[in-house]
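A structural walkthrough
Below, each chain spelled out in residue letters.
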There are 2 protein chains.
Amino acid sequence: MRRDIFQAIADPTRRAIIALIALQAMTPNAIAENFNSTRQAVSKHLRILTECQLVKQQQQGREIYYTLQIEKMKEIDKWLEQYRKIWETRFNQLDKVLSTIKKQKK
Amino acid sequence: MRRDIFQAIADPTRRAIIALIALQAMTPNAIAENFNSTRQAVSKHLRILTECQLVKQQQQGREIYYTLQIEKMKEIDKWLEQYRKIWETRFNQLDKVLSTIKKQKK
DNA sequence: TATATTTGCAACCAGATGGTTTCATAAAAT
DNA sequence: ATTTTATGAAACCATCTGGTTGCAAATATA
């Protein structure tokens, strides 16, 4: 199944998981404690996040720690870049208009 | 039906529509010409984009122009902010390590 | 060695999703 | 007045999605 970062972050539970493990690696059990759904449901989400390389596994005995691959998040930032340019341009244009009005008042 | 901007941008066709109308407003027909699917399928995507206020309609005779509401895109930027902080911190830490190594070489 | 814990996977299921075709409505063109 | 054009909505359908329960494998503990 093809996985895509945009599809991965579409689900609110997955965004919550991302936020949870952003600061420290966690095991599936520990993550699941924060949600109402079963451990297996969380496990499925973790699989999807792993498939698109948003998280990485680190085995430690029988426990598996999941870490956020923050680098991958930059892909969204990169995609946003084109639109950021647009809204910054618009802001500057608005700024010009406002300063022109200001000058006219003087 | 509840609509969410993250769900809206999850679909590749919708992201393409967003990119298309980012620079100039377009009618559903004109937008649909750029895709292999039917005009009605594009119309459905436009409905979803409208529902989460990513696009706005402007009637002009029997034509309807769809405009991107670039402001709405900032919501994603805002969500990314927390992670941007993390990756910038990590970069700075790496930077410190590197400059320490440099000093030691001297 | 026997038992408990941690985990992933398979099978199943209801509901959402993205697509199609068909139809209705309104505005423009003939 | 009739036809063409632009559009949205409804009905339908195959597939995807997120959830569940049950099971198997591996590691830790008694």
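Conventions used here
- Residues numbered from 1 in each chain as written.
- Chains lettered and ligands numbered in written order.
- Predicted model: local features only at pLDDT ≥ 70, side-chain atom pairs only at ≥ 80, totals over all residues.
- Heavy atoms only, no water.
- Near = heavy atom within 4 Å.
- Polar contact = N/O pair within 3.5 Å; in protein donor to acceptor, adjacent residues only side chain to side chain.
- Helix = DSSP H or I, 4+ residues; strand = E, 2+ residues; numbered from the N terminus.
- Nonpolar A, V, L, I, M, F, W, Y, C, P; charged D, E, K, R; others polar.
- Domains from an automatic or database assignment.
- Contact = heavy atoms within 4.5 Å.
- Buried area = accessible area lost by both parts, 1.4 Å probe.
- Salt bridge = Lys/Arg side-chain N within 4 Å of Asp/Glu carboxyl O.

As a further point, take the protein's contact with DNA strand D. If you check the shell around DNA strand D, you find 25 residues, and the closest are Gln7(A), Thr38(A), Lys44(A), His45(A) and Tyr66(B). Within 4 Å of the protein, the atoms of DNA strand D are drawn from sugar and phosphate moieties in a proportion of 66%. Take Gln7(A): an N or O atom from its side chain is 2.3 Å from a phosphate oxygen of DNA strand D. The separation between a base oxygen of DNA strand D and a polar side-chain atom of Lys44(A) is 2.4 Å. Elements supplying a minimum of two residues to the surface near DNA strand D: α2 (12-21) and α4 (39-51) of chain A together with α3 (28-32), α4 (39-51) and β2 (63-68) of chain B. The dominant element in the surface near DNA strand D, judged by the number of residues it contributes, is α4(A), at five residues. Across the surface near DNA strand D, the residue classes break down as six nonpolar, 11 polar and eight charged.

All right, on to the domain arrangement of chain A then. Residues and elements named next belong to chain A. If you check the domain split of chain A, you get domain 1 (1-68) and domain 2 (72-106). Each of domain 1 and domain 2 has a C-alpha centre, and the two are 36 Å apart. Contacts between domain 1 and domain 2 engage seven residues on the former and five residues on the latter. The junction of domain 1 with domain 2 conceals about 560 Å² of combined surface from both sides, 85% of it contributed by carbon and sulfur atoms. For the domain 1 face of the interface with domain 2, the top three residues by lost area are Ile5, Phe6 and Gln53, together amounting to 63%. Viewed at the interface, domain 2 and domain 1 are joined by zero salt bridges. Our enumeration of links across domain 1 and domain 2 arrives at zero residue pairs in polar contact (both at pLDDT 80 or more).

Glancing now at the interface of chain A and chain B. With 23 residues of chain A at the interface, the matching set in chain B holds 23 residues. Carbon and sulfur atoms make up 73% of the surface buried where chain A meets chain B, a total of about 2300 Å² over both sides. Three residues, Ile70(A), Tyr83(A) and Trp87(A), lead the burial of chain A against chain B; their summed loss comes to 26% of the area buried on that side. Our count for the chain A to chain B interface comes out at four salt bridges.

It is worth spelling out the protein's contact with DNA strand C at this point. Residues in close proximity to DNA strand C total 26 residues, the closest being Tyr66(A), Gln7(B), Thr38(B), Lys44(B) and His45(B). Arg62(A) places a side-chain nitrogen or oxygen 2.9 Å from a base oxygen of DNA strand C. Here a phosphate oxygen of DNA strand C and a side-chain polar atom of Thr38(B) are 2.6 Å apart. Broken down by secondary-structure element, the contributors of at least two residues to the surface near DNA strand C are α3 (28-32), α4 and β2 (63-68) of chain A together with α2 (12-21) and α4 of chain B. No other element matches the five residues that α4(B) contributes to the surface near DNA strand C. Across the surface near DNA strand C, the residue classes break down as six nonpolar, 11 polar and nine charged.

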